[in-house]
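# Secondary and tertiary structure notes
If you want the building blocks of each chain, they are given just below.
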Amino acid sequence: MIRIMHKILIKGNHAVVEGGIQAGCMAYYGYPITPQNEITAYMAKRMGEEGRVFIQSESEIAAINMVFGSSLTGARTMTSSSSPGISLKQEGISYMAGCELPGVIVNVQRGGPGLGNISGAQGDYFQSTRGGGHGDYRTIVLAPYSVQEMFDFTIKAFDLADKYRIPVILHTDGYLGQMYEPVLVKELKSDRKTKKDWILDGCKDRKPRMIRSLLMDEGELEEHNWKLNKLYDKIKMKEASCQTCFTEDAVVAIVSYGTSARICESAVNILRGKGIKACLIRPTTLWPFPEKTISTIAKKVKNFLVVEMSLGQMVEDVKLAVNGMSRVHFYGSPGGGIPETKVVVKKVKEIIK
Amino acid sequence: MMDKNKIYRPESLTDVQNIYCSGCGHGIIHRLVAEIIDELEIREKTIAVAPVGCAVFAYFYWNFDVTEAAHGRPPAVATGIKRILPDRVVFTYQGDGDLAAIGTAEIIHAANRGENITVVFVNNAVYGMTGGQMAPTTLIKQKTTTSPRGRNPRYSGFPIKISEALAALDGTTYIERVSVHNVKNVINAKRALKKAFKIQIEGKGFSMVEFLAMCPVGWAMSSEDSVKWIEEKMIPEYPLGVIKDA
Ligand SMILES: Cc1ncc(C[n+]2csc(CCOP(=O)(O)OP(=O)(O)O)c2C)c(N)n1
């Protein structure tokens with residue numbers, strides 16, 4: 001049952017907080033960094049009001065390890081940061097993946113490498129979708145493109161994390177974080193009450209448990225890796241998702257996510273207005289990547305244009321999905337630049353010429 | 001009543017043979033932890049955080065809930081547990097590489113926040129698990145695999161006194177340094193650690209006990225010489241006793 005509560009004008013970063021509150025996040029840990037500061041500040045206020053745990057940690061490393069600690073007690077928990085801070089969290093994310101601990105990590109991306117700048121960017125796609133830390137693992141990666149989705153996907157992130165016992169990345173950027181948009185605050189169906197029979201809360205009336213990622217016995221780690229692989233296969237089967245429009249008669253497909261997909265949406269409308277049959281494929285999960293949808297479309301559509309706010313990262317996944325069936329072109333704007341609608345239109349015209 | 005003269009295994013210790021080298025201090029300290037947890041009747045509400053280091057397998061030896069943190073991060077993990085479950089007993093068990101090198105930020109800030117946790121800090125003056133490298137606690141002139149001519153403070157700094165540093169923070173409640181190199185000191189160490197756990201149970205805040213502990217293999221010494229070395233070299237550098245009792 002979805003009960004509509006109210007519509008509010010809210011900033012993307014604040015929407016993440018409200019989503020977390022509604023999903024039953026019991027502990028938030030964060031460290032200041034632009035352009036995600038509103039999350040930490042608003043969390044301090046909201047978690048206080050709700051009587052839940054808030055700590056401004058000494059570093060992003062500490063924050064993710066606090067998430068690790070709260071998660072192993074069974075509580076829903078999250079942290080947020082922006083690119084440089086997300087790099088520091090990778091150690092902890094790898095340990096969470098190894099220990100099969102759920103948790104939500106929000107990356108309000110900024111330009112990089114290094115300190116980069118504080119504009120929105122999409123340069124952390126590889127980091128998010130390839131595990132990010134050391135070892136053979138994956139995390140689920142959700143890519144919102146509106147403030148509404150910042151809210152909805154945060155809730156979804158908690159549900160997926162618990163369902164699969166996996167860290168989930170909300171992969172967003174500074175533009176979405178800073179943007180104000182109306183949001184329908186719905187009471188979404190959230191499986192907040194996932195039964196957790198693996199947590200550490202003291203061994204009363206049961207055998208002691210351990211949560212660890214060091215598996216030194218002969219073949220033990222290999223077995224664990226295969227077990228994780230099975231989980232990843234299941235997630236690939238069930239959770240890959242994307243939004244498409246105008247695919248039926250398209251001659252060119254634009255693939256884009258997050259902020260850059262908003263620009264591509266406008267471009268597709270302009271192109272359609274000119275009678276050019278363009279369509280948009282917008283992945284909403286970056287891992288698992290919606291490769292089946294893309295490969296199905298690639299059987300009919302012979303030209304793809306991938307648009308990203310980076311030097312080209314998702315384009316590699318598109319190429320893997322297209323698998324040589326069609327030509328894949330790229331237009332990117334790194335370093336906090338935003339792709340221009342008119343350039344997207346021009347690129348499409350060149351491609352189909 | 002338990003016959004005090006009889007050897008017994010505390011309920012909080014599993015019936016598993018540990019992998020510690022002969023003469024190592026970890027086994028003694030594990031047992032002290034287990035005895036105290038039994039005596040305080042908190043086994044079923046205790047959650048321990050094991051470190052990266054020789055004690056990483058502590059979860060095989062302790063008969064209660066145990067997790068394993070990344071190198072140096074136990075105080076942050078313990079914070080995340082304790083804040084959600086304030087009525088449980090949460091402690092970290094950390095070596096000097098873990099706590100006094102890679103994990104300095106985490107220990108200082110957990111202490112400074114006055115987290116109501118207990119820290120079992122094992123100072124054996126080297127990195128044991130990785131083969132006896134220099135630790136921040138290594139003594140001046142002490143030879144290790146990475147200070148083959150002895151630690152030279154000019155290039156490698158001085159033995160770090162973390163307990164004294166933490167005692168200077170308003171957030172800490174109780175800090176004591178003990179040793180486990182002989183029976184008298186083991187008995188005293190148990191008293192100190194029990195007090196530290198009681199402070200947590202009473203909700204009084206951050207408590208830590210630093211244990212000077214033998215590492216004969218890491219020090220390339222016999223067990224007997226290791227005991228002497230603690231007495232003659234380590235204790236003068238790391239004086240025993242209560243450092244803070246607020
Ligand atoms: C991030 C990271 N760096 C290095 C290591 C390798 N490592 C494993 S144990 C250890 C030393 C632990 O020494 P200490 O904390 O003094 O404990 P001890 O083994 O002496 O009990 C190191 C450096 C690691 N596991 N992770």
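Residues numbered from 1 in each chain as written. Chains lettered and ligands numbered in written order. Predicted model: local features only at pLDDT ≥ 70, side-chain atom pairs only at ≥ 80, totals over all residues. Heavy atoms only, no water.

### Concerning the overall build of chain B
The criterion, for reference: For the purposes of this entry, the term helix denotes a DSSP run of H or I that reaches at least four residues, the term strand denotes a run of E that reaches at least two, and both are numbered from the N terminus. Put simply, the radius of gyration uses C-alpha atoms, and a globule should come to 2.2 Å times the residue count raised to 0.38. Here's how the labels work: a residue is buried when its accessible area is under 20% of the maximum for its type, exposed when over 50%, partly exposed in between, all with a 1.4 Å probe on protein chains only. Only the protein chains shown count as cover for residues, with accessible areas throughout obtained via the Shrake-Rupley method and a probe of 1.4 Å. Counted as positive: Lys and Arg. Counted as negative: Asp and Glu. His and the chain ends are not counted at all. A charged residue contributes its charge at one atom only: NZ of Lys, CZ of Arg, CG of Asp or CD of Glu.
What chain B contains, in helices and strands, is 10 helices and 9 strands. The C-alpha radius of gyration computed for chain B amounts to 17 Å, which stays within 12% of the reference 18 Å derived for 246 residues, consistent with globular compactness. Seen along its three principal axes, the alpha-carbon backbone of chain B occupies a region of about 50 × 40 × 30 Å. Evaluated residue by residue, chain B yields a buried proportion of 57% over its 246 residues. As presented, chain B carries roughly 10100 Å² of accessible surface, and 55% of it is formed by carbon and sulfur atoms. In chain B, 28 positive and 26 negative side-chain charges are present, and the distance between their average locations comes to 5 Å.

### Some words on the overall build of chain A
The cut-off we apply is this: What makes two residues a contact is simply this: any of their non-hydrogen atoms within 4.5 Å.
Along chain A, the regular secondary structure elements total 12 helices and 15 strands. Relative to a compact globule of 353 residues, whose C-alpha radius of gyration would be 20 Å, chain A shows 20 Å and is just as compact. If you line up chain A on its principal axes, its C-alpha atoms span 70 × 50 × 45 Å. Within chain A, the proportion of its 353 residues that are buried is 60%. Partitioning the contacts of chain A with sequence separation of at least 6, the portion at a separation of at least 24 is 79%. Separation between the mean location of the 46 positive side-chain charges and that of the 37 negative ones in chain A comes to 6 Å.

### Details of the interface of chain A and chain B
Cut-off, in case you're wondering: Two parts lose some accessible area (1.4 Å probe) when they are put together, and adding that loss for both gives the buried area. Criterion for a salt bridge: a side-chain nitrogen of Lys or Arg within 4 Å of a carboxyl oxygen of Asp or Glu. Polar contacts here mean pairs of N or O atoms no more than 3.5 Å apart (in protein, one a potential hydrogen donor and the other a potential acceptor; neighbouring residues in sequence count only if both atoms are side-chain atoms). In this count, Pro and Cys sit with the nonpolar residues alongside Ala, Val, Leu, Ile, Met, Phe, Trp and Tyr, while Asp, Glu, Lys and Arg are called charged and the others, Gly among them, polar.
Between chain A and chain B, the contact holds 37 residues from the first and 34 residues from the second. Here chain A and chain B share an interface that buries about 2600 Å² over both sides, 62% of which is from carbon and sulfur atoms. Scanning the region where chain A abuts chain B turns up 3 salt bridges. Linking Arg206 of chain A and Asp65 of chain B is a salt bridge whose minimum nitrogen-to-oxygen distance equals 2.5 Å. Inspection of the region where chain A meets chain B yields 16 residue pairs in polar contact (both at pLDDT 80 or more). Secondary structure elements with two or more residues in the side of chain A that touches chain B: β2 (27-30), β3 (53-56), α3 (60-71), α4 (83-99) and β9 (210-211) of chain A. The biggest single contributor to the side of chain A that touches chain B is α3 of chain A, with 7 residues. Looking at the side of chain A that touches chain B, its residues break down into 21 nonpolar, 7 polar and 9 charged.

### Things to note about the side chain of Ser81 of chain A
Relative to the helices and strands, Ser81 of chain A resides in strand β4 (residues 77-81). Those residues within four positions of Ser81 of chain A in sequence are excluded, and the remaining contacts are Ile33, Gln36, Glu60, Ile86, Lys89, Val106, Asn107 and Val108 of chain A.

### Quick notes on the packing of helix α1 (residues 12-22) of chain A against helix α2 (residues 37-50) of chain A
All names here are of chain A. Which entries qualify depends on this criterion: Throughout, an axis means a line fitted to C-alpha atoms (over the contacting stretch in the case of helices), and angles, computed between N-to-C directions, take values from 0 to 180 degrees. For classification, angles of less than 35 degrees are called roughly parallel, those exceeding 145 degrees roughly antiparallel, those between 65 and 115 degrees roughly perpendicular, and all remaining angles oblique. Handedness of a crossing follows from how the near helix is turned relative to the far one, being left-handed for an anticlockwise turn of less than a right angle and right-handed for a clockwise one.
Viewed as axis vectors pointing N to C, α1 and α2 meet at an angle of 30 degrees, and their least axial separation amounts to 9 Å. The angle between α1 and α2 falls in the class roughly parallel. For the pair α1 and α2, the sense of crossing is right-handed. Residues Asn13, His14, Val16, Val17, Glu18 and Ile21 of α1 lie in contact with α2, whose contacting residues are Glu38, Ile39, Tyr42, Met43, Arg46, Met47 and Glu50.

### Some words on the confidence of the model for chain B
Note the following rule: Per residue, pLDDT measures the predictor's confidence, with a range of 0 to 100.
Put simply, chain B has an average pLDDT of 97, and 98% of its residues get 70 or more. On the interface metric, ipTM, the complex scores 0.97, and its pTM is 0.97.

### A few points about the packing of aromatic side chains
Threshold: Here the aromatic set is Phe, Tyr and Trp, taking the six-membered ring for Trp, and pairing holds for ring centres within 6.5 Å; pairs whose planes are under 30 degrees apart are stacked, those over 60 apart are edge-to-face, and all others are tilted. By the criterion adopted, a ring carries a charge over it if an Arg CZ or a Lys NZ lies within 6 Å of its centre and within 35 degrees of its normal.
This model, assessed by the stated rule, comprises 14 aromatic pairs over all chains. Plain terms: the ring middles of Tyr125 of chain A and Tyr257 of chain A are 5.9 Å apart, the flat faces sit at 45 degrees to each other, and that makes the pair tilted. Taken together, the residues Tyr125 of chain A in helix α5 (residues 125-129) and Tyr257 of chain A in the loop between β11 (252-255) and α9 (258-273) connect sequence positions 132 residues apart. Assigned by exposure class, Tyr125 of chain A and Tyr257 of chain A land together as buried. Between Phe91 of chain B and Phe197 of chain B, the aromatic rings sit 5.3 Å apart at their centres with planes inclined by 80 degrees, giving edge-to-face as the arrangement. Of this pair, Phe91 of chain B sits in strand β3 (residues 89-95) while Phe197 of chain B sits in helix α8 (residues 183-201), placing them 106 residues apart in sequence. Through a chain of ring-to-ring contacts, three or more aromatic side chains come together here, namely Trp62, Phe64, Phe91, Tyr93 and Phe197 of chain B. The ring of Tyr145 of chain A has Arg282 of chain A sitting right over it, with the charged end atom 3.4 Å from the ring centre. Over the aromatic face of Tyr238 of chain B sits the side chain of Lys161 of chain B, whose NZ or CZ is 5.8 Å from the ring centroid.

### Let's talk about the sheet that holds strand β14 (residues 303-308) of chain A
All names here are of chain A. Which entries qualify depends on this criterion: Strands are labelled as partners when DSSP assigns at least two bridges between them.
What the 5 strands build is an open sheet, ordered β10-β12-β11-β14-β15; its pairing is mixed. In the strand order of this sheet, the two ends are held by β10 (242-245) and β15 (327-332), each with one partner. Strand after strand, the sheet turns through a mean of 20 degrees between neighbouring axes, direction not considered. Sheet topology note: the β11/β14 ladder contains 4 bridges and is parallel. The residue bridging Val252 from the neighbouring strand is Asn303, located in β14. Running over the sheet, helix α12 (residues 341-352) touches β11, β14 and β15 and is turned about 160 degrees from β14.

### Details of the site of the ligand
Residue and element names in this part refer to chain B. Selection criterion: Residue proximity to a molecule or strand is established when one non-hydrogen atom of the residue lies within 4 Å of it.
Around the ligand sit 16 residues, and of these His26, Cys54, Asp96, Asp98 and Gly128 come closest. Within the side chain of His26, a nitrogen or oxygen atom sits 2.8 Å from an oxygen atom of the ligand. A distance of 3.0 Å separates an oxygen atom of the ligand from a polar atom in the side chain of Asn124. Relative to its unbound accessible surface of 590 Å², the ligand loses 75% to contact with the protein. Those elements that provide at least two residues to the shell around the ligand are α4 (96-102) and β5 (126-127). Residue classes in the shell around the ligand are distributed as 6 nonpolar, 8 polar and 2 charged.

### A word on the environment of Leu72 of chain A
Within the element layout of this structure, Leu72 of chain A appears in the loop between α3 and β4. For Leu72 of chain A, a relative accessible area of 0% gives the class buried. Between the C-alpha atoms of Leu72 of chain A and Asp152 of chain A, which are 80 residues apart in sequence, the distance is 25 Å. Excluding its chain neighbours within four sequence positions, the residues that come into contact with Leu72 of chain A are Leu101, Trp198, Ile199, Leu200 and Ile211 of chain A together with Thr67, Val77 and Ile81 of chain B.

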